[in-house]
Structure formats: structure tokens, C-alpha cells
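# Structure assessment
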Amino acid sequence: NWQAAANTILRHKELKPEVVKSLKKNVSEEVANYLKSESILLLSEPDEIASFSNTILLEEGRVSCPLFYDFVVGSSGKDEQEMKKVGVSTNGVALAAATLCRVCNPKASALHYRILTVLFHSGTKHENLVRLNRLGVCMSPDSMIQAQHKMGKQLEGKVKLWKKAIEKNKSALLLCEEIKKKHPPPHSNDMEIAVNLELGEETLQNYDNFTDEGYRLLKETVDTAREKLDGVSYTEECLSKASQDLHSAALPLYSTRRHSNHFIAKLFGTSHTNTPKKMAAKSN
């Protein structure tokens, strides 16, 4: 009976310290190796922190460092099945495990960044954040500022992509209109004559509204229009159809507030209308 043997060893005054020493070494190695892998605790991007999951953290612990996991769960007095359920017990054990891992490796701070972000957006005072940081509950306020800067850079990148899409479409439209003006459709006896247009880059690059990106977008749009019209060459009809398509293109809409609220909504697991202050008001 291995259980009886194990209990006997732990009751032995001389054997128990050696067993405990061996277990401590194994647990330490487990955690150290776990934190060298792609642990969820090492995530640092704002979107990653907002999507952080305590359940995934515990599952990672169960697989990657089972001895450490058993000790942490065993210390809580809960069984393994309860750890698979979302709730206060799971969150408490996850926080304990994350805090111990952060002591081992300060970079393993994803959960503590998440806690800090929740507190920050809930209006917690700076001095209280400092106290909580000293208690090991969350990151420092300075870390929050750095995280906000990183989030700002992400939003700035999205703004640039949005701006680029708008400018490219506008450039293509301006070039299209300039081509129309410089190539009016010829008439003969009040009848329009279909004329092939030369839309080569060498021909159009001297136009006032020519840009590389605008030209490429216009060319792609005209090619698509020509295929829809079953044409074999570029005509005024193709150009007009391309102009309509560019005017009706579904360009991206951007709102800094919308993206910021999306981040907060992911963080709190609510709709963006349920801000921390509103959530607090509802709970009172």
C-alpha cells in the first residue's frame, strides 16, 4: 500500500525533512522550467492581458508543473474538479499560483497587470495602487503607465492603417476623375464611340493626382470592372464602373474611444457600456 508507505515516511522524523527537501527542489525546477516556456503569465500585450484566463492558467499548471499544481490546489482545500469551474475558488487559486510564479520570475506578471488595469480603470487612487503593489497584489502604477503607452501605440498603428486606406481610396478617385477629364468620350454623328483607354503606369505617372498606391488600387478596381463587363480592353464604361465602385467602397471607420472601450470590455468581460463605475453603482 503506497499511501500507507508515504504516510509512514512523512511521520518519520528523519525521513520527512529529506522528502520535503526533495519535493521543494522538484517543485522549484517545475516552476522554473514552466516559466521558460510560452506561459500565459508571460503575456504582455494589452489585448493578450485583456483575454487572460485563470482557467487556462490552472490548466497550464496542471500539465506543465503537476507537483506545484497539486500543492497549490491542495492548500486551498479544493479538489481538482472544482478547479475546472469558473468561480471565486478558481480565481483565488490562480492568483496564488500566479503570485508564487511572479516571485520566481518577475516577468510572469500577466495576471498582476490585469488586476492593476482593473483597479486603474475603477478609479483606485495612486497611493493605494502603490500599497497593493508592495503587498504583491498588482503591478506598480509606473508599470500601468508603460502598459497604457503600449496600448496607445497599438491604437496609433490602427489609426495609421485606417488613414492609409482612406488616402489610397481618395487618391484612386482623384486619378480616375483626372483621366475622365483628359479623355472625354469622342462623338460622331451624335453617337458615342467606344475608345480604348491607355491606363499604363508610364502613361499616367505624369498626371497631377498620380500616386503609386492610388494607381494600384485604381488599376485593380478597373480590372475587376472590366471582368464584370466581359470586356477585353479598358473603356470609358470600365472607368465609370470603377469610379462607382470606389465611391461605394466600404472604407473602415475608426474611433479611438470605440477601440479603448473594446479593450476595457474584454478586460471586464462586459459590454463597453458597463464601465467600472457603472458596475460599481449596480452592485450598491
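Preceding this paragraph is the structure being described.
None of these values were measured; they are calculated from a predicted model.

This paragraph deals with the overall build of the protein. Each helix and strand in the protein was counted, giving 14 helices and two strands. Here the protein holds 284 residues, and 30% of them are scored as buried. The long-range share in the protein, meaning contacts at least 24 apart out of those at least 6 apart in sequence, stands at 63%. Surface summary for the protein: the accessible area is close to 18,100 Å², and the carbon and sulfur share equals 55%.

Taken as a whole and judged by the stated rule, the model has eight salt bridges. Across the pair Glu167 and Lys163 runs a salt bridge whose closest N-O atoms are separated by 2.6 Å. Of this pair, Glu167 and Lys163 are both found in helix α9 (residues 141-182), four residues apart, which corresponds to roughly one turn of the helix. With a relative accessible area of 44%, Lys163 lands in the partly exposed category. We note a salt bridge from Asp223 to Lys219, for which the minimum N-O separation is 3.5 Å.

Note on placement: Leu43 falls in the loop between α2 (15-34) and α3 (46-50). For Leu43, a relative accessible area of 28% corresponds to the partly exposed category. C-alpha of Leu43 to C-alpha of Ser109: the two residues are 66 residues apart in sequence and 7.8 Å apart in space. Each residue touching Leu43, except ones within four places of it in the same chain, is listed here: Glu48, Ile49 and Ala110.

This brings us to a nonpolar patch on the surface. A cluster of nonpolar side chains, contributed by Trp162, Ile166 and Leu251, occupies part of the molecular surface with about 210 Å² of accessible area. Relative to the assigned elements, Leu251 resides in the loop between α12 (236-247) and α13 (256-268).

This part is about the environment of Ala225. Positionally, Ala225 belongs in helix α11 (residues 212-228). Judged by its relative accessible area of 0%, Ala225 is buried. Residues Ala225 and Ser243, 18 residues apart in the sequence, show an inter-C-alpha distance of 9.5 Å. Beyond its immediate stretch of four places on either side in the chain, Ala225 contacts Cys238, Lys241 and Ala242.

One can describe the packing of helix α4 (residues 54-64) onto helix α6 (residues 88-104) by two numbers: an axis separation of 9 Å at closest approach and a directional angle of 60 degrees. Classified by the interaxial angle, the pair formed by α4 and α6 is oblique. Here α4 runs over α6; the crossing is left-handed. Each of Asn54, Leu57 and Leu58 in α4 lies in contact with α6, whose residues at this interface are Thr90, Asn91, Val93, Ala94 and Ala98. Of the residues contributing to the contact of α4 with α6, the split by class is five nonpolar, three polar and no charged.

What follows covers the packing of aromatic side chains. The geometry of an aromatic ring pair is captured by two quantities: the separation of the ring centres and the angle between the planes. Counted under the stated rule, the structure contains one aromatic pair. Between Phe210 and Tyr215, the ring centres sit 5.6 Å apart and the planes meet at 40 degrees, which makes this aromatic pair tilted. The burial state of Phe210 is the same as that of Tyr215; both residues are buried. Sitting above the plane of the Tyr207 ring, Lys182 keeps its charged end 4.2 Å from the centroid.

The rules we used
- Residues numbered from 1 in each chain as written.
- Predicted model: local features only at pLDDT ≥ 70, side-chain atom pairs only at ≥ 80, totals over all residues.
- Heavy atoms only, no water.
- Helix = DSSP H or I, 4+ residues; strand = E, 2+ residues; numbered from the N terminus.
- Buried < 20%, exposed > 50% of the residue type's maximum accessible area, 1.4 Å probe, protein only.
- Contact = heavy atoms within 4.5 Å.
- Areas by Shrake-Rupley, 256 points an atom, 1.4 Å probe, with all protein chains shown as cover.
- Salt bridge = Lys/Arg side-chain N within 4 Å of Asp/Glu carboxyl O.
- Patch = residues over 30% accessible without salt bridge, like charges linked within 9 Å, V, L, I, M, F, W, Y side chains within 5 Å.
- Axes fitted to C-alpha atoms, helices over the stretch in contact; angles between N-to-C directions.
- Parallel < 35°, antiparallel > 145°, perpendicular 65-115°, else oblique.
- Left-handed = near helix turned anticlockwise from the far one by under 90°.
- Nonpolar A, V, L, I, M, F, W, Y, C, P; charged D, E, K, R; others polar.
- Phe/Tyr/Trp six-rings, centres within 6.5 Å; stacked < 30°, edge-to-face > 60°.
- Lys NZ or Arg CZ within 6 Å of the ring centre and 35° of its normal.

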